[in-house]
Amino acid sequence: MTHLGYLLVGWGVSLGCGVLYAARLVLRGRSLAARVPAGQRRWMTSDDGAGSAAESAAPDRGAPS
Amino acid sequence: MSAGAVKTGSRTTRLLGFAVLVGVLALILLGFFGAPEDDEQRDAVRMIFVHVPSAFLTYTALVITAVGSAMWLWKRSRWWDIVAHSAAEIGVIFCGLTLFTGSIWGRPTWNTYWDWGDVRLVTTLILFLMLVGCLALRSAGGDEDAVATRAAVVGLLAAVNVPIINRSVEWWSNRTLHQKSSLTDGNLEDLTLFTLVVGIVVWALFFVWAMIHRFRIGWLERQLRAIDLETALVQRRAEASTESAGETSQ
Amino acid sequence: MFADIWLVINKDIRIEWRSRVTLSQVVPFALTVLVLFGFALDANREVLAAATSGLFWLTVLFVAVVAVQRSTAIETADGARRALLLAGIEPSSVFVGKALAVAAQILGVEVLMVGGVLVFYDATVESLPLLLATCAVATLAIAASGTLLGALAAGVRARETVLPILLLPVLAPVLIAASRAFDDALGVVAVDGWAWLGLLAGFGAVNALLGALAYGPLLEET
């Protein structure tokens, strides 16, 4: 395969950025969500089901990152 | 995963995330082993499977930012403001990736990392700078509504000026090296085109996933600001009442 | 409406004239930048001649940042902005008035800069109408987007740094178009300067319209 170095850098940085950004979003979402009182939670799910709207409480092992 | 962890994901986003993971794997397989090499560019052509989808979503993000900005200015709807903010942030990332992969691809193909004669590359760089400015403005802080209005004006300004920038750079260079749009020139092999479409779909799914999470974060931040304000007020009131109580007892 | 616009122009120009900041600081600043470009390019006549248009307009952009910052500072100080709104003047009139006042100042600096370019860079004017038209249209375009972004940056804590990073990328097409039109007007490169002027006019019209529409919400909230 020609130009393998260029390809690896280009793809690697693209996918790497995606993974890092996704991880940041998930972690930031968690730390922020934890600070909101249970009664006022919206757009969120929690494992114990407290305050979650109609969302399921399944563990999210399928999420990316 | 501790019990009771609260998160911004939902069944939909988990499904989306799973689809993205599978899609990326498929894209890697297709991109590196499925699609044939190009006659002229040889294997460097495999870069377009990440470059073109990034570029496509950069401009999608710009449109969403512009729509969200206009809706905020028109309806004063917080929902649209958060949408505009999320799209701008994700757009910056895709925009940076577009520039990066474009440069990396340009080196073996054009023999240069940066070609001033290329209209779309230069336009995208200016767009990148404007989006960065828009985010810097948001992070500078201040009154919530004022920040939203300012960012909305900058978002609209960026979107409105992109066609003009494109025109001016095109006239200026007048000798574009960039391939004619890869999707429309009909020169691509079937499997290459298919891989490119897969790339765009996968990137678009990731975009939607990120938008949902980012939107929820924006919503949470807003809620937390409101809560902080409330607690501060309550504390202040408590202080005031103890002070006045102290005064009367003297 | 025109009376209001005139009122705002009059006020800004008079404040500027009394403080003499443009005359005593912005003009020397512009000439300094021109001279420094001369040093940077090693006073090489050929390079300078080829780069004259670009250097001229780049300097104008720097001048515009300073001028816009001045123009906004007038409104921010002492809550003058609120007073202007309370006086019952349409925000769009305020926008047009302030933009024209800024344009007048930048034009004044440009006149001296053209002189500087003729002397320092050995430039010659081939087409005076094109030169004047480019200055007029480009300056109005710069003033329109500058005034809008100036008002926008006014309420931000780090406004000195926010304004340039917002304004300069937006002005990229102006730099490109005005420089090429100047290339034609100074006889450096044979291009169709009038076509570039058309692009400048388009940029100016779009940004002025957006500015007039968005100025109201910005004034009210910051």
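None of the values given here were measured: they were computed from a predicted structure. (Residues numbered from 1 in each chain as written. Chains lettered and ligands numbered in written order. Predicted model: local features only at pLDDT ≥ 70, side-chain atom pairs only at ≥ 80, totals over all residues. Heavy atoms only, no water.)

## With respect to the overall build of chain B
What chain B contains, in helices and strands, is six helices and one strand. Tracing chain B from N to C terminus, the helices and strands come up as β-α-α-α-α-α-α. Out of the 250 residues belonging to chain B, those deemed buried represent 53%. A sequence separation of at least 24 residues applies to 76% of the contacts in chain B between residues at least 6 apart. Surface accessibility of chain B: about 11300 Å² in total, with carbon and sulfur atoms responsible for 63%. (Helix = DSSP H or I, 4+ residues; strand = E, 2+ residues; numbered from the N terminus. Buried < 20%, exposed > 50% of the residue type's maximum accessible area, 1.4 Å probe, protein only. Contact = heavy atoms within 4.5 Å. Areas by Shrake-Rupley, 256 points an atom, 1.4 Å probe, with all protein chains shown as cover.)

## With respect to the side chain of B:Arg214
The topology assignment puts B:Arg214 in helix 6 (residues 190-249). A polar contact of 3.5 Å, which involves the side chain of B:Arg214, links it to the side chain of B:His85. Residue contacts for B:Arg214: discarding those within four places in its chain leaves A:Tyr21, A:Leu25, A:Arg28, B:His85, B:Ser86, B:Glu89 and B:Ile90. (Polar contact = N/O pair within 3.5 Å; in protein donor to acceptor, adjacent residues only side chain to side chain.)

## Quick word on the confidence of the model for chain B
Considering every residue of chain B, the mean pLDDT works out to 83; 88% of them sit at 70 or more. Under the prediction, the complex receives an ipTM of 0.84, its pTM being 0.83. (pLDDT = per-residue confidence, 0-100.)

## Here we look at the packing of aromatic side chains
Residues and elements named next belong to chain C. A complete count under the given rule lists 13 aromatic pairs over all chains for this structure. Ring centres 5.3 Å apart and planes at 75° place the aromatic pair Phe56 and Trp57 in the edge-to-face group. Taking relative accessible area as the criterion, Phe56 reaches 1% and is therefore assigned buried. Since its relative accessible area comes to 1%, Trp57 is described here as buried. With centroids separated by 5.3 Å and ring planes inclined at 80°, the aromatic side chains of Trp57 and Phe182 adopt a geometry described as edge-to-face. (Phe/Tyr/Trp six-rings, centres within 6.5 Å; stacked < 30°, edge-to-face > 60°.)

## Here's the deal with the state of the cysteines
All names here are of chain B. Tallied over the full model, the rule gives zero disulfides over all chains. Lacking any disulfide linkage, Cys134 is separated from the closest cysteine sulfur, that of Cys95, by 13 Å. Exposure remark for Cys134: the relative accessible area of 3% places this residue in the buried category. (Disulfide = S-S within 2.5 Å.)

## Thoughts on the pattern of salt bridges
Within this structure, the stated rule accounts for 13 salt bridges over all chains. Residue A:Arg28 pairs with B:Glu221 through a salt bridge whose shortest N-O separation is 2.6 Å. Linking A:Arg28 in helix 1 (residues 4-35) with B:Glu221 in helix 6, this pair reaches from one chain into another. Taking relative accessible area as the criterion, B:Glu221 reaches 23% and is therefore assigned partly exposed. Linking B:Glu144 and B:Arg222 is a salt bridge whose minimum nitrogen-to-oxygen distance equals 3.4 Å. Here B:Glu144, found in helix 5 (residues 144-173), pairs with B:Arg222, found in helix 6; they are 78 residues apart in sequence, far enough to count as distant. Within the structure, one salt-bridge network assembled from shared partners comprises B:Arg78, B:Asp81, B:Arg138 and B:Asp145. (Salt bridge = Lys/Arg side-chain N within 4 Å of Asp/Glu carboxyl O.)

## A short note on the interface of chain B and chain C
Counting from both sides, the interface comprises 28 residues of chain B and, opposite them, 27 residues of chain C. Contact with chain C buries surface across chain B, with B:Arg150, B:Leu157 and B:Trp171 losing the most and accounting together for 24% of the total. Inspection of the chain B/chain C interface yields zero salt bridges. Sorting elements by how many residues they give to the side of chain B that touches chain C places helix 5 of chain B first, with 17 residues. (Buried area = accessible area lost by both parts, 1.4 Å probe.)

## What about the nonpolar core?
Of all hydrophobic cores here, the largest spans 94 residues; its most connected members are C:Phe56, C:Trp57, C:Ile142, C:Leu149, C:Leu152 and C:Val174. It is helix 6 (residues 128-154) of chain C that provides the largest number of residues to this core, a total of 13 residues. Every residue in contact with C:Val174, bar those within four places of it in the chain, is listed here: C:Ala138, C:Ala141, C:Ile142, C:Ser179, C:Leu200 and C:Phe203. Counting residues in hydrophobic clusters, the runner-up holds 51 residues, among them A:Leu7, B:Ile48, B:Ile90 and B:Met211. (Core = buried A, V, L, I, M, F, W, Y, C linked by side-chain atoms within 4.5 Å.)

## Thoughts on the environment of C:Leu36
Here C:Leu36 shows up in helix 2 (residues 21-40). Taking the C-alpha atoms as reference, C:Leu36 lies 14 Å from C:Val119; in sequence the two are 83 residues apart.

## Comments concerning a nonpolar patch on the surface
A cluster of nonpolar side chains, namely C:Val35, C:Leu36, C:Phe39, C:Leu118, C:Val119, C:Phe120, C:Val125, C:Leu128 and C:Leu132, defines an oily patch on the protein surface of about 820 Å² accessible area. Sorting the residues of the nonpolar patch by element identifies helix 2, helix 5 (91-120) and helix 6 of chain C as the ones contributing at least two each. (Patch = residues over 30% accessible without salt bridge, like charges linked within 9 Å, V, L, I, M, F, W, Y side chains within 5 Å.)

## Points about helix 2 of chain C
Residues and elements named next belong to chain C. Under the 1.5 Å per step criterion, the end-to-end length of helix 2 is 27 Å for 20 residues, consistent within 8% with the ideal 28 Å. All of the buried residues along helix 2 are Val21, Thr22, Val26, Val27, Ala30, Val33, Leu34, Phe37 and Gly38. Tucked inside the fold, the buried residues of helix 2 contact helix 1 (2-19), helix 3 (45-76) and helix 5. Immediately downstream of helix 2, the backbone of Asp42 shows phi near 60°, a positive value. (Expected span 1.5 Å × (residues − 1).)

## A few points about the environment of B:Val50
Structurally, the position occupied by B:Val50 is in helix 2 (residues 48-75). Overall, the relative accessible area of 0% leaves B:Val50 in the buried class. Spatially, the C-alpha atom of B:Val50 lies 28 Å from that of B:Val154, the residues being 104 residues apart in sequence. Excluding its chain neighbours within four sequence positions, the residues that come into contact with B:Val50 are A:Trp11, A:Ser14, B:Thr101 and B:Trp203.

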